[in-house]
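Understanding the architecture of this molecule
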Amino acid sequence: MSKNAKVAAGGVAVGLILLIWLPWWAALLIVLGVPTAAYLTLDPGQRRRLRRGTRKEIGR
């Protein structure tokens, strides 16, 4: 299993656990808030590099 697959599987597992323990809206806030907060902590150069990389992959 690749590293990305392990991260995805872990994310799904955490999401399911959150949905069981928390109301659906709280789990949704956490699932959307953590990646948003991580993106906002990047400096402008890192954000630009991240956007450029995802555009290249989409255009394959």
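Each remark here, short or long, concerns the structure printed above.
Below is a short write-up of the structure. The structure presented is a predicted model; accordingly, all values stated were derived computationally and were not measured.

To continue, consider the packing of aromatic side chains. Following the criterion strictly, the structure yields 0 aromatic pairs and no others. One Lys or Arg, Arg-47, reaches over the ring of Tyr-39 and ends 5.3 Å from the middle of that ring.

Bringing helix 2 (residues 24-40) into the picture now. When the terminal C-alpha atoms of helix 2 are compared, their 24 Å separation across 17 residues agrees well with the 24 Å that a helix rising 1.5 Å per residue should span. By the largest-angle criterion, Gly-33 marks the main kink of helix 2, which is about 25°, and a proline, Pro-35, follows within four residues.

Glancing now at a nonpolar patch on the surface. Judged by side-chain polarity, Val-12, Leu-16, Leu-19, Trp-24, Trp-25, Leu-28, Leu-29, Val-31 and Leu-32 come together as a nonpolar surface patch covering roughly 990 Å² of accessible area. Those elements giving two or more residues to the nonpolar patch turn out to be helix 1 (3-21) and helix 2. Sort the elements by how many residues they give to the nonpolar patch and helix 2 lands first, with 6 residues. As for its position among the elements, Val-12 is in helix 1. Given the relative accessible area of 53%, Val-12 is considered exposed.

Turning next to the environment of Leu-50. Structurally, Leu-50 can be placed in helix 3 (residues 44-58). Along the sequence, Leu-50 and Tyr-39 sit 11 residues apart, while their C-alpha atoms lie 9.4 Å from each other. Sequence-distant contacts of Leu-50, that is, excluding residues within four places in its chain, are made with Tyr-39 and Leu-42.

About the cut-offs
- Per chain, the residues get numbers from 1 upward, laid out in the order the sequence is written.
- At least 70 in pLDDT is required for a residue's local features to be given in this predicted model, at least 80 for side-chain atom pairs to be given and counted, and no such filter applies to totals for whole chains, interfaces and linings, which use all residues.
- Side-chain measures were taken over the full set of non-hydrogen atoms in the model, leaving aside hydrogen atoms and water.
- The criterion for an aromatic pair is that two Phe, Tyr or Trp rings (for Trp, the six-membered ring) have centres within 6.5 Å, with stacked assigned to planes under 30 degrees apart, edge-to-face to planes over 60 apart and tilted to the rest.
- Throughout this description, the term charge over a ring refers to an Arg CZ or Lys NZ atom that lies within 6 Å of the ring centre and within 35 degrees of the ring normal.
- Each helix is a run of DSSP H or I of at least 4 residues and each strand a run of E of at least 2, with the numbering of both proceeding from the N terminus.
- In this analysis, the expected span of each helix is defined as 1.5 Å times one less than the number of residues it contains.
- The seven residues ending at a residue and the seven starting there each receive a fitted axis; the angle between those axes is the bend at that residue.
- A patch consists of residues whose relative accessible area exceeds 30% and which take part in no salt bridge; residues with like charges are grouped when within 9 Å of each other, and nonpolar side chains (Val, Leu, Ile, Met, Phe, Trp, Tyr) when within 5 Å.
- Every accessible area reported is derived by Shrake-Rupley at a probe size of 1.4 Å, with residue values counting cover from the shown protein chains alone.
- Basic side-chain nitrogens of Lys or Arg form a salt bridge, by our definition, when they fall within 4 Å of a carboxyl oxygen of Asp or Glu.
- Type-normalised accessible area, obtained with a 1.4 Å probe on protein chains alone, sets the label of each residue: buried when under 20%, exposed when over 50%, and partly exposed for intermediate values.
- Whether two residues touch is decided by their heavy atoms; if any such pair falls within 4.5 Å, the residues are in contact.

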